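Structural overview
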Amino acid sequence: MGIVVDPSARFTTTASVVVIGAGGAGAIAALAARSAGADVLVLDRDAAPSGATACSSGMVPAAGTAEQKSRGIADSPQRFSDDIQAKANGSADASLVEALTGASASVLEWLTKQYGIRFELVEGVAPGHSLSRMHALADRGGATLLSSLYSALAKQGVRLEPSADVTDLVVDDAQRIIGVRYKRSGKVESVGCATLILACNGFAGNSQLVAQYLPDVRGLPFAGHEGSQGDALAWGTELGARLADIDGFLAHGAVVLSQRLPLPWSLMTEGAVQVNRDGERFVNEHEGYSESALFVLAQPHATAFMIYDERVHEIGLTMPNYATAVSSGVIKRESLLRDLAEQLGVRREGLEATIALVNALAFDDASDEFGREFRATQMLLGPYYGVPVTCALLGTEGGLAIDGSGRVLRQDGSPFPNLLAAGGAARGVSGDAGGGYLEGNGLLTAIVGGYIAGSTAAAAIAE
Ligand SMILES: Cc1cc2nc3c(=O)[nH]c(=O)nc-3n(C[C@H](O)[C@H](O)[C@H](O)COP(=O)(O)OP(=O)(O)OC[C@H]3O[C@@H](n4cnc5c(N)ncnc54)[C@H](O)[C@@H]3O)c2cc1C
């Protein structure tokens, strides 16, 4: 696997735009390029492509949408950018943040108008966002989002080749990508192209690369998509691309590991707390799910327990991952805390003391030692619910440096002639440290970034 310099290479077939990866970034990049008239081929190594996108909540953040305006929510790309930078400590790439936030509303509206893929504004304010801006399809869930994009691709006549494992990029002497080689059913096939879009996600599923680039999180189990093997990183490195924000990652501190199921963090913002086996809290659960992972990792056996009540449970039932967890039987319910503690194997006195303190703080609308603010409307009252969870790595946020048009950059900052990247294959907007991930950054870079890359590809061909 690598870069093959062969200006006179011949290919089995051709397409003006080739996209590697049929997750969210690849699907929408293909749709955007096709809508602008390009002939597009999407290759994915899986027999039934799904990517990390299908594992996600399918909630895309966007600023200034008609849905927000109709509810009187005055959002703007600038406000969205400020939230992203506040979380990333100002270290996210400003031009990329501007490009993604600026296009976010128009991309969702384009999907609605052109393809009937209709987004609703999700109730509530996600941690780190200053107002409601998460948008999702009525059915919720990343799998639904992806299948809607696939339906649109099929209607547009875009070719999507599954079981196509891309191994080599073929370049000419000027580092122009002239085609790719891939393995399919044991045979080597190839396709020539005018532009290539890398949409094959990051390297979270490759333990060697995680140990090399992200030593602090190598203790986290991986619960993302196995396809995230770092192929874009490997090709880019061999070509001399610049890597950026390589220390950034997406993790989660409330995962039902047996099912690779991250529980919705909105349970926390609605009042749930997290305790360890001693029944003691150890973190401000409102900081965000990614950074909470390392706190969970530090607990005995990297295990924590989410504790909440009927009100929070009812809210959870509207979200696909939570409903899945309920039907699998991992969620415990008891009228009394002492019985819940016994069921979960948590120290009873510790749990009772913790919930008593939480309710006292909530009664006074006060903050705790970790900086979490409690509210009287969120007191935890029986019957109680609990679920054992652990922490996991879901994705990487660093990758190939790109400009605001999705063009991959060389070490000196100049763009490669016809190489684009989007989604997890490229650097994200979470900056260069672990705590910089703002909820929705993953799908923002995949969906909006994919659209931008696809549009750039089509425009380059039209020139
Ligand atoms: C469990 C989970 C929950 C998440 N929840 C959220 C969330 O709530 N909100 C959010 O914003 N983000 C979330 N994320 C992150 C988000 O899902 C990703 O950032 C985003 O989906 C990445 O999209 P992508 O298209 O870049 O990659 P993917 O969707 O992973 O697609 C990449 C595709 O490339 C293919 N591929 C890789 N290498 C090759 C190759 N050599 N040849 C051919 N094909 C190849 C893979 O098979 C895969 O299908 C979550 C991630 C996980 C794992």
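All residue numbers refer to positions counted from 1 along the written sequence of the respective chain. Side-chain atom pairs in this predicted model are given and counted only at pLDDT of 80 or more, local residue features only at pLDDT of at least 70, and totals for whole chains, interfaces and linings cover all residues. To get the side-chain values, all heavy atoms of the structure are used, and hydrogens and water are removed first.

Another aspect to go through is the overall build of the chain. Here a strand is any run of E in DSSP of at least two residues, a helix any run of H or I of at least four, and the numbering for each starts at the N terminus. Looking only at helices and strands, one finds 15 helices and 20 strands in the chain. In summary, the chain has a C-alpha radius of gyration of 23 Å against a globular reference of 23 Å for 463 residues, a match within 12%. In terms of overall dimensions, the chain has C-alpha extents of about 75 × 45 × 40 Å along its principal axes. Note on exposure labels: buried denotes an accessible area under 20% of the residue type's maximum, exposed denotes more than 50%, and partly exposed covers the range between, all computed with a 1.4 Å probe on protein chains only. Residues counted as buried form 58% of the 463 residues belonging to the chain. The contact definition used throughout considers only heavy atoms, calling two residues in contact when any of these lie within 4.5 Å. Put simply, of all contacts in the chain between residues at least 6 apart along the chain, 73% involve residues at least 24 apart. Residue burial considers only the protein chains on display, and all accessible areas are found by Shrake-Rupley using a 1.4 Å probe. Entry remark: accessible area of the chain is about 17,800 Å², with carbon and sulfur atoms responsible for 50%. Restricting the calculation to C-alpha atoms gives the radius of gyration, and the globule rule supplies 2.2 Å times the number of residues raised to the power 0.38.

Turning our eyes to something else, we now look at the domain arrangement of the chain. Here the limits of each domain have been adopted from an automatic or database domain assignment. Under the domain assignment used here, the chain contains domain 1 (2-248 + 397-462) and domain 2 (250-393). Computed over C-alpha atoms only, the centres of domain 1 and domain 2 are separated by 32 Å. For the pair domain 1 and domain 2, the summed buried surface comes to about 1,700 Å²; carbon and sulfur atoms form 65% of the total. Basic side-chain nitrogens of Lys or Arg form a salt bridge, by our definition, when they fall within 4 Å of a carboxyl oxygen of Asp or Glu. Notably, a salt bridge pairs Arg 260 with Glu 226, separated by 2.8 Å at the nearest N-O pair. For the side of domain 1 that touches domain 2, the per-class residue count stands at 9 nonpolar, 6 polar and 7 charged. The term buried area means the drop in 1.4 Å probe accessible area that two parts suffer when joined, counted for both and summed. The nonpolar class holds Ala, Val, Leu, Ile, Met, Phe, Trp, Tyr, Cys and Pro. Asp, Glu, Lys and Arg form the charged class, and all remaining residues, Gly among them, are polar.

This next bit is on the sheet that holds strand E5 (residues 120-121). Across the sheet, 3 strands lie side by side as E4-E6-E5; this open sheet has antiparallel pairing. Sheet topology places strand E4 (60-61) and E5 at the edges, where each strand pairs with a single neighbour. In this analysis, strands are considered paired if DSSP registers two or more bridges between them. Across 2 bridges, E4 lies against strand E6 (residues 134-136) in antiparallel orientation. Within E6, the residue paired with Val 60 across the bridge is His 135.

On to the pairing of strand E17 (residues 384-396), then. Regular strands place their side chains on alternate faces of the sheet. Most of E17 is tucked away, with 12 of its 13 residues classed as buried. Sheet topology places strand E12 (residues 249-256) next to E17; 5 bridges connect them, and they run antiparallel. Residue pairing across strands places Val 255 opposite Thr 390, the latter belonging to E17. The pairing of strand E16 (residues 332-334) with E17 spans 3 bridges and is classified as antiparallel. Residue pairing for E17: Lys 332 is matched across the bridge by Gly 386.

Let us look at unusual backbone geometry. Cis rather than trans, the peptide bond between Gly 382 and Pro 383 has omega equal to 0°. Topologically, Pro 383 is positioned in the loop between helix H14 (348-363) and E17. With a phi close to 55°, Asp 245 is a non-glycine residue in the positive phi region. The residue Asp 245 is located in the loop between strand E11 (243-244) and E12 in this model.

By secondary structure assignment, the location of His 225 is in the loop between helix H7 (207-213) and helix H8 (231-239). We classify His 225 as buried; its relative accessible area is 15%. Looking at His 225, its side chain comes within polar contact range of the side chain of Asp 46, at 3.0 Å. Aside from chain neighbours lying at most four places away, what touches His 225 is Asp 46, Ser 50, Gly 51 and Ala 52. In protein, a polar contact means a hydrogen-donor-capable atom and an acceptor-capable atom, both N or O and within 3.5 Å, with residues adjacent in sequence counting only if both atoms are side-chain atoms; elsewhere, any N or O pair within 3.5 Å suffices.

Moving on: the pairing of strand E15 (residues 304-309). In terms of burial, E15 is a largely internal element, 6 of the 6 residues being buried. Across 3 bridges, strand E14 (residues 273-275) lies against E15 in antiparallel orientation. If you follow Gln 274 over to E15, its bridge partner there is Met 306.

Further remarks concern the site of the ligand. One heavy atom suffices: a residue is near a molecule or strand as soon as one of its heavy atoms comes within 4 Å of it. Close contacts around the ligand come from 39 residues, with Asp 44, Thr 53, Ser 57, Asn 201 and Asp 231 the closest. A distance of 2.8 Å separates an oxygen atom of the ligand from a polar backbone atom of Ala 52. Within the side chain of Ser 57, a nitrogen or oxygen atom sits 2.7 Å from an oxygen atom of the ligand. If the ligand stood free it would expose 1,000 Å²; the protein chains cover 96% of that surface. Listing elements by their share of the shell around the ligand, those giving two or more residues are helix H1 (24-35), helix H2 (51-55), strand E8 (165-171), H8 and helix H15 (441-462). Ranked by the residues each element gives to the shell around the ligand, the list is headed by H2, at 4 residues.

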